[in-house]
Amino acid sequence: MTDYRTFTTDDAMRFADEHSGLFGDHSKLSCEEFGDGNLNLVFRVINDKGTSLIVKQALPYARCVGESWPLTIERARIEAEVLLKHRKLCPDHTVEVLHYDAALAAILMEDLKDYRILRTELVAGKQFLHLAPQLATYLANTLYYTSDFALTGPNKKQQVGQFLNPELCLITEDLFFTDPYCNHERNNIHSEIRNDALQLWHDEALQAEVAQLKAGFLSQPQALLHGDVHTGSIFINDENCKLIDAEFGFYGPIGFDVGSLTGNLLLNYLGHFGLTQDTETRQRHQDYLLSQVQTLWQEFEKQFKQLMSNECREPTLQNSLYQQRFIQQVFRDTLGYAGCELIRRTVGLAHVADLDSISDGTLRGQSERKALKLGRELILQRNELAGIDQVLTLVRYLQN
Ligand code: SR1
Ligand code: MG
């Protein structure tokens, strides 16, 4: 870490100026640090003509906790390389990386200034019809073209090695699969649902299924995941959406990415029981969210199946019965990981605004309880639910 130093706004401006052709020698730059994420510094650098770029720097610790939680700055390499690869596979829906500096753990990227963070928009009750179709395209393309269906064995193994990402994976292994199911000091449990959380710690049937899902996360390098597809990692406007923040990327189970996103849409669905008091408005937004959950899976499945049947390079994996079984297993994994996301965002370290911004404690507790209940059922019933329509029926049934 010899050349590493934590960036000031001056450093960020110099970095942006040096590595972009956009600003020119005599540009007058200004800069603000506006990162509010869990891990990094994020600067916006603007010139006198209003052109702007983003500089993101990995800190040697987790920003949300502080220096007591050291964290590798190697995550900046993972982020840059995953985004570069995903952008080749799905240019429309992946943010553009312009430069990466290994010693400084810094990335220069496009500023999505005409976009907003999807989570903030969904909490405000905004709707985007292109959300699910576009995200399904992103997931189908990035996951298919980095899988064994598309890569040769040696190439795939080289990439698995390139994206091992053990420290960031360990965060997910702990926060997603371990902490919520025991009395861990990192958990963050609101008093209204203390007893419900306690039940998780004694729920052996649930814990056995979570163990199986965790084993899949640990040992199934199916494709190069984004690794953190929550609605805070997605920027959106009226026409398009783009993924950012791929520092958790690694070769893992395909259902983890699809399930994380599905879980976040469901968290917003449940949050609106407390966020929106007008019944008609709430119903409209919740119907919208369920239609997005449905379209996300249907479109993802359609596109992934098409790719498997038209583009598969590996003769043995061209078998159509195998491909059918494969996509069915991805569906089951998707439900399981979506269930884990619902639970960990409710009682674990990293909460979401969809639940936390419900101002009335009783209403928040009701939404959180629904999240725990739905998460549990998705995990337990994932092998019996026959299709996405049955999942939606379950969601509607459990809301009462
Ligand atoms: C300490 S990191 C907490 C969470 O933020 C990231 O976005 C991941 O979701 C992680 O679990
Ligand atoms: Mg992030």
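On a predicted model such as this, the values are computed, not experimentally measured, just so you know.

## Some words on the overall build of the protein chain
Point 1. For the protein chain, the count of helices and strands is 14 helices and twelve strands.
Point 2. Scaling as 2.2 N^0.38, a compact globule of 400 residues should have a C-alpha radius of gyration of about 21 Å, and the protein chain matches this with 21 Å.
Point 3. In terms of its C-alpha atoms, the protein chain occupies a principal-axis envelope of roughly 60 × 55 × 40 Å.
Point 4. Taken across its 400 residues, the protein chain has 57% of its residues classed as buried.

## Remarks on the sheet that holds strand β10 (residues 234-236)
Point 1. Strand order in the open sheet formed by three strands is β8-β10-β11, and the pairing between neighbours is antiparallel. In the strand order of this sheet, the two ends are held by β8 (116-117) and β11 (241-243), each with one partner.
Point 2. Sheet analysis places β10 next to β11, joined by three bridges and oriented antiparallel. Directly across from Ile236, in β11, lies its bridge partner Cys241.
Point 3. Sitting on the sheet, helix α4 (residues 131-144) touches β10 and β11, and the angle it makes with β11 is about 35 degrees.

## Thoughts on the UniProt feature "binding site: substrate" (unreviewed entry) in the protein chain
Point 1. The UniProt feature table records "binding site: substrate" (unreviewed entry) at Asp228 and Arg344. Across 117 residues in sequence, these annotated residues keep their C-alpha atoms within 13.2 Å of one another, forming a single compact spot.
Point 2. Considering the arrangement of structural elements, one finds Asp228 in the loop between β9 (223-225) and β10.
Point 3. The exposure class of Asp228 is buried, given its relative accessible area of 14%.
Point 4. Setting aside its immediate chain neighbours within four residues, Asp228 contacts Ser233, Asp245, Phe248, Asp257, Arg344 and Arg345.
Point 5. Along the chain, Arg344 falls in helix α11 (residues 320-347).
Point 6. Residues in contact with Arg344, not counting those within four places in the same chain, are Leu175, Phe176, Pro180, Asp228 and Ala350.

## Details of the site of ligand 1
Point 1. Ligand 1 sits among Asn38, Leu39, Cys64, Trp69, Leu175, Asp228, His230, Phe248, Arg344, Arg345 and Ala350.
Point 2. Arg344 is positioned such that a nitrogen or oxygen atom in its side chain is 2.7 Å from an oxygen atom of ligand 1.
Point 3. Here an oxygen atom of ligand 1 sits 3.2 Å away from a polar atom, N or O, in the side chain of Arg345.
Point 4. Computed on the free molecule, ligand 1 has an accessible area of 320 Å², of which 95% lies beneath the protein chains in the complex.
Point 5. Here the residues of the shell around ligand 1 are counted per class, giving six nonpolar, two polar and three charged.

## Topic: the UniProt feature "domain: Aminoglycoside phosphotransferase" (unreviewed entry) in the protein chain
Point 1. In the numbering used here, UniProt assigns the feature "domain: Aminoglycoside phosphotransferase" (unreviewed entry) to residues 31-262.
Point 2. Annotated as 39% helix and 21% strand, the span residues 31-262 places its first and last C-alpha atoms 35 Å apart.

## What about the side chain of Glu110?
Point 1. Examined against the element boundaries, Glu110 turns out to sit in strand β7 (residues 106-110).
Point 2. Looking at Glu110, its side chain comes within polar contact range of the main-chain nitrogen of Glu96, at 2.9 Å.
Point 3. In this structure, Glu110 is in contact with Leu53, Ile54, Arg87, Thr94, Val95, Glu96, Leu98 and Lys242, ignoring residues within four places of it in sequence.

## Topic: the pattern of salt bridges
Point 1. Here the structure, examined in full by the defined rule, presents 29 salt bridges.
Point 2. Between Arg44 and Asp111 there is a salt bridge; the shortest N-O distance is 2.7 Å. A residue pair is termed long-range when its members are at least 10 positions apart, and Arg44 in strand β2 (residues 40-46) and Asp111 in the loop between β7 and β8 qualify at 67 residues.
Point 3. Since its relative accessible area comes to 12%, Asp111 is described here as buried.
Point 4. Linking Glu341 and Arg345 is a salt bridge whose minimum nitrogen-to-oxygen distance equals 2.8 Å.

What counts as what
- For every chain, the first residue of the written sequence is number 1, and numbering continues from 1 onward in sequence order.
- Just so you know, chain letters begin at A and ligand numbers begin at 1, following the order they were written in.
- Local features in this predicted model are restricted to residues whose pLDDT is 70 or higher, and side-chain atom pairs enter the listing and the counts only when it is 80 or higher, whereas totals over whole chains, interfaces and linings include all residues.
- With hydrogens and water excluded, all non-hydrogen atoms of the structure serve as input to the side-chain values.
- Put simply, DSSP marks the helices as runs of H or I at least four residues long and the strands as runs of E at least two long, and each gets a number from the N terminus on.
- In this treatment the radius of gyration is a C-alpha quantity, and the globule benchmark scales as 2.2 Å times the residue count to the 0.38 power.
- Throughout, exposure labels follow a simple rule: accessible area from a 1.4 Å probe, protein chains only, divided by the maximum for the residue type, with under 20% read as buried, over 50% as exposed, and the rest as partly exposed.
- Strands pair, by our definition, only if DSSP identifies at least two bridges between them.
- Residues count as neighbours in contact if any of their non-hydrogen atoms are within 4.5 Å of one another.
- What counts as an axis is a line fitted to C-alpha atoms, over the stretch in contact for a helix, and the angles between N-to-C directions run from 0 to 180 degrees.
- UniProt positions are given in the numbering used here, feature names are shortened, and annotations may be inferred rather than shown by experiment.
- What makes a residue near a molecule or strand is one non-hydrogen atom of that residue sitting within 4 Å of it.
- Side-chain atoms alone can form a polar contact between residues adjacent in sequence; in general such a contact is a pair of N or O atoms within 3.5 Å, and within protein one must be able to donate a hydrogen while the other accepts it.
- Per-residue and other accessible areas follow the Shrake-Rupley method at a 1.4 Å probe size, with only the shown protein chains counted as cover for residues.
- When residues are sorted by character, Ala, Val, Leu, Ile, Met, Phe, Trp, Tyr, Cys and Pro go into the nonpolar class, Asp, Glu, Lys and Arg into the charged class, and all the rest, Gly among them, into the polar class.
- When a carboxyl oxygen of Asp or Glu lies within 4 Å of a side-chain nitrogen of Lys or Arg, that pair is called a salt bridge.

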